[in-house]
Amino acid sequence: MAEVPTGEQGEREILQVPGGGSVRVTSGFYEGLELSVDRDWMVIGRGRSADIVIAEATISRSHAAIGFDRQGFFVQDLGSTNGTLVNGQRIERQPLETEDEIRMGRLIISVNLPH
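Not measured: the values here are computed from a predicted model. Residue indices follow the written sequence of each chain, beginning from 1 at its first position. Two thresholds apply to this predicted model, a pLDDT of at least 70 for residue-level local features and 80 or more for giving and counting side-chain atom pairs, whereas whole-chain, interface and lining totals are computed over all residues. As a convention, hydrogens and water are excluded, and side-chain values are obtained from all of the structure's heavy atoms.

Explain the overall build of the chain to me, please; I cannot follow it from the model alone.
Within the chain one finds zero helices and 13 strands. Elements are defined by DSSP. Helices are runs of H or I of four residues or more, strands are runs of E of two residues or more, and each kind is numbered from the N terminus. For the chain, the sequential pattern of α-helices and β-strands runs β-β-β-β-β-β-β-β-β-β-β-β-β. Excluding contacts between residues fewer than 6 apart, the proportion of contacts in the chain whose partners are at least 24 apart in sequence is 32%. Note that accessible areas follow from Shrake-Rupley with a 1.4 Å probe, and for residues the cover is restricted to the protein chains shown. Looking at the chain as shown, the accessible area adds up to about 6,800 Å², and 44% of this sits on carbon and sulfur atoms. Should any heavy atoms of two residues lie within 4.5 Å, those residues are counted as being in contact.

This is the structure in structure tokens:
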């Protein structure tokens, strides 16, 4: 569940992350790896503190995150050296849709989101 600030008093609204979302590595050493997107913030990187650890030299220790908020799922670059691309366009933060392609270095990830 995602906590989202709602009021001036600092109350938090709890959002339920929809089930059934996943990402699948479609290119690179980890090709075929599929992981559920079941949390409101999942960091992808080569560092041990990342939620999804990918031992790939072309991605940063904390490269990007897949998140969920009131508008839906999104990907956000975390200040990576090589940048994050969605469907070939370099992004800082981008809403995600099913079949979007996220590129981080040599790693290409396909997105499958619940309807």
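I keep staring at the nonpolar core and nothing clicks. Help me out?
In summary, soluble globular proteins display a tendency toward joint burial of nonpolar side chains. Side-chain atoms within 4.5 Å link the members of a nonpolar core, which is a set of buried Ala, Val, Leu, Ile, Met, Phe, Trp, Tyr and Cys residues. Per-residue accessibility, obtained with a 1.4 Å probe over protein chains only, is compared with the maximum for each type, and a residue is labelled buried under 20%, exposed over 50%, and partly exposed between these values. Counting residues in each nonpolar core, the largest one holds 24 residues, and the members touching the most others are Ile66, Val75, Leu96, Ile102, Met104 and Ile109. Only β3 (22-27), β5 (41-45), β7 (64-69), β8 (72-77), β12 (101-104) and β13 (107-112) provide two or more residues apiece to this core.

Can you walk me through the side chain of threonine 84 in this structure?
Relative to the assigned elements, threonine 84 resides in strand β9 (residues 84-86). Whenever a nitrogen or oxygen atom comes within 3.5 Å of another N or O atom, the pair is scored as a polar contact, on the condition that within protein one atom can donate a hydrogen and the other can accept it, and that pairs from neighbouring residues in sequence are kept only if both atoms are in side chains. A polar contact is formed between the side chain of threonine 84 and the side chain of histidine 63, at a distance of 3.4 Å.

How do you make sense of the pattern of salt bridges when you look at a structure like this?
Opposite charge on two side chains makes pairing possible when the charged atoms of those side chains draw close. Salt bridges, as used here, are contacts in which a Lys or Arg side-chain nitrogen is within 4 Å of a carboxyl oxygen on Asp or Glu. By the definition in use, this model includes four salt bridges. The partner of glutamate 56 in a salt bridge is arginine 106, and the shortest N-O contact between them spans 3.3 Å. Of this pair, glutamate 56 sits in the loop between β6 (52-53) and β7 while arginine 106 sits in the loop between β12 and β13; the two residues are 50 residues apart in sequence, bridging distant segments of the chain. On the basis of relative accessible area, glutamate 56 is assigned to the buried category, the value being 11%.

Mind showing me how you'd approach the sheet that holds β9 here?
Pairing between the strands of a sheet comes from backbone hydrogen bonds, and it takes one of two forms, parallel or antiparallel. Strands were regarded as paired on the criterion that DSSP finds at least two bridges between them. Here we have six strands laid out as an open sheet, ordered β4-β3-β13-β12-β9-β10, and antiparallel in their pairing. If you trace the sheet from one side to the other, it starts and ends with β4 (34-36) and β10 (89-91), each paired once. Across the sheet, the mean angle from the axis of one strand to that of its neighbour is 30°, orientation sign disregarded. Here β3 pairs with β4 via three bridges, running antiparallel. Counterpart to valine 23 in the pairing with β4 is leucine 35. Axes here mean lines fitted to C-alpha atoms, for a helix over just the part in contact, with angles spanning 0 to 180 degrees between N-to-C directions.

Explanation requested: the sheet that holds β8 in the structure shown.
If you trace the five strands from one edge of the open sheet to the other, you get β6-β5-β7-β8-β11, paired in mixed fashion. The sheet is open, and its two edges are formed by β6 and β11 (93-95), each paired on a single side. Where β7 lies against β8, six bridges are found, and the strand directions are antiparallel. For isoleucine 66, the partnering residue across the bridge sits in β8 and is valine 75.

I'm lost on unusual backbone geometry in this one. Help?
Across residues other than glycine, the phi torsion is negative in most instances, and most of the peptide bonds are trans. Phi is positive for asparagine 87, which is not a glycine, with a value near 50°. Tracing the sequence through the fold places asparagine 87 in the loop between β9 and β10. With relative accessibility at 44%, the residue asparagine 87 sits in the partly exposed group. Positive phi, normally seen in glycine, also occurs at glutamate 99, with a value near 80°. The exposed category is assigned to glutamate 99, whose relative accessible area is 67%.

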